[in-house]
Amino acid sequence: LTVITSPDYAPYEFYALDANGDPTLAGFDMALAQYIADYLELTLEVVPMDFNGILGEMQNGTADLAMAGLSPDEERKAAMDFTDIYYGGKQAFITVSGKADLFTDLASTNNSEYTIAAQTGTIQNDLAAEYSPNAELVNLTKATDIIAELISGQIDGAYIEWDVAVAYKANYPELTIVCEVPYEDDGNIIGVNKGNADLLKYVNEALNKCIDSGEFAKFVDAAQELASGDTYEGMLGEDGKPTEAPEEEAGE
Ligand code: ARG
């Protein structure tokens, strides 16, 4: 079972680091991927990539599943089929504590003096265009880049999934959640290889069994717990190790 993901998104998918700093792919999407593979009696192969690459891969039909905190955005239906919703996420606008006074509510983000980011290829870009059209909007490849640029002061605010903001905040306390952002397609789905009706059916079966048995809730708890410890978010280097911290790269 080939599953593509974008491991910059705790508690959904990220690398948990052990005492030696060695990374293991973790997060509740990854636990669910293993559960589904076991249910289908298939061997799991996870292929990490930047989020933007996921949509292209699904379009090409090269992967079985995309598990990356995906929102059920209608436009994506041309590239993949959607499972049932498995997690009820919501959206957030975030900044850093030093800039918290600038933003009183969502309307205050719509100001040409501010630079506001979202991850490339995500529905958060649509939210930025909808709620902050007058701001200078930037696309960043990784959710990690957004956090690094917020902290270094290159951007003023960003749109991101609520629970991801909470997880990053555990490691970067200066992050501040300004408000919830309304979004009609809230919740997350798994993207399934398009037109593969059997795969869709059995993945939904596995998914619902995982949720109904209470197993999935345990995956979420475990992922949140791990995400508050040592993590690395983004792609590993060629040696399979974390590369330079993005905050350091940002100053180059
Ligand atoms: N839910 C948003 C979307 O589907 C963002 C997902 C980003 N996922 C990630 N692993 N970075 O567009």
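You'll find the structure just up there.
Rules used in this analysis
Residues numbered from 1 in each chain as written. Predicted model: local features only at pLDDT ≥ 70, side-chain atom pairs only at ≥ 80, totals over all residues. Heavy atoms only, no water. Buried < 20%, exposed > 50% of the residue type's maximum accessible area, 1.4 Å probe, protein only. Helix = DSSP H or I, 4+ residues; strand = E, 2+ residues; numbered from the N terminus. Pairing = 2+ DSSP bridges. Near = heavy atom within 4 Å. Polar contact = N/O pair within 3.5 Å; in protein donor to acceptor, adjacent residues only side chain to side chain. 1 Å grid on protein atoms, 1.4 Å probe; cavity = no way out; pocket = protein on both sides within 12 Å on 5 of 7 lines; lining within 4 Å. Sits in = over half its atoms within 2 Å of the grid points. Nonpolar A, V, L, I, M, F, W, Y, C, P; charged D, E, K, R; others polar. Points joined across faces, edges and corners; volume = space filled by probe spheres on them.

Visitor: Outline the pairing of strand 8 (residues 115-119), supporting the account with residue identities and numerical values.
Guide: Residues in a regular strand point their side chains to alternate faces of the sheet. Among the 5 residues that make up strand 8, 5 are buried, leaving the element largely enclosed by the rest of the structure. A two-sided burial pattern is seen for strand 8, the buried positions comprising T115, A117 and Q119 on one face and I116 and A118 on the other. Sheet topology note: the strand 8/strand 10 (residues 157-161) ladder contains 2 bridges and is parallel. Residue pairing in the sheet places I116 in a bridge with G157 of strand 10.

Visitor: Which residues make up the site of the ligand, and what are the values?
Guide: The local shell around the ligand holds 15 residues, among which D8, G69, S71, R76 and I123 are the closest. In this structure, a nitrogen atom belonging to the ligand sits 3.0 Å away from a main-chain N or O atom of S6. At 2.8 Å, a backbone N or O of A68 approaches a nitrogen atom of the ligand. Placement of the ligand is best described as lying within the largest cavity. Going through the elements one at a time, strand 5 (65-70) and helix 3 (123-131) are the ones with two or more residues in the shell around the ligand. Looking at the shell around the ligand element by element, the count peaks at 3 residues for strand 5. Looking at the shell around the ligand, its residues break down into 5 nonpolar, 6 polar and 4 charged.

Visitor: Give a description of empty space enclosed by the protein that names residues and reports values.
Guide: Using the criterion set out here, one finds 2 cavities of 30 Å³ or more in the structure. What the largest cavity holds in volume is close to 90 Å³. Along the walls of the largest cavity sit 15 residues, with Y9, F51, A68, G69 and T122 positioned nearest its centre. Within the residue set of the lining of the largest cavity, elements represented by two or more residues are strand 5 and helix 3. A per-element tally of the lining of the largest cavity places strand 5 first, with 3 residues. Grouping the amino acids of the lining of the largest cavity by side-chain chemistry returns 5 nonpolar, 6 polar and 4 charged.

These figures capture arrangement, not role.
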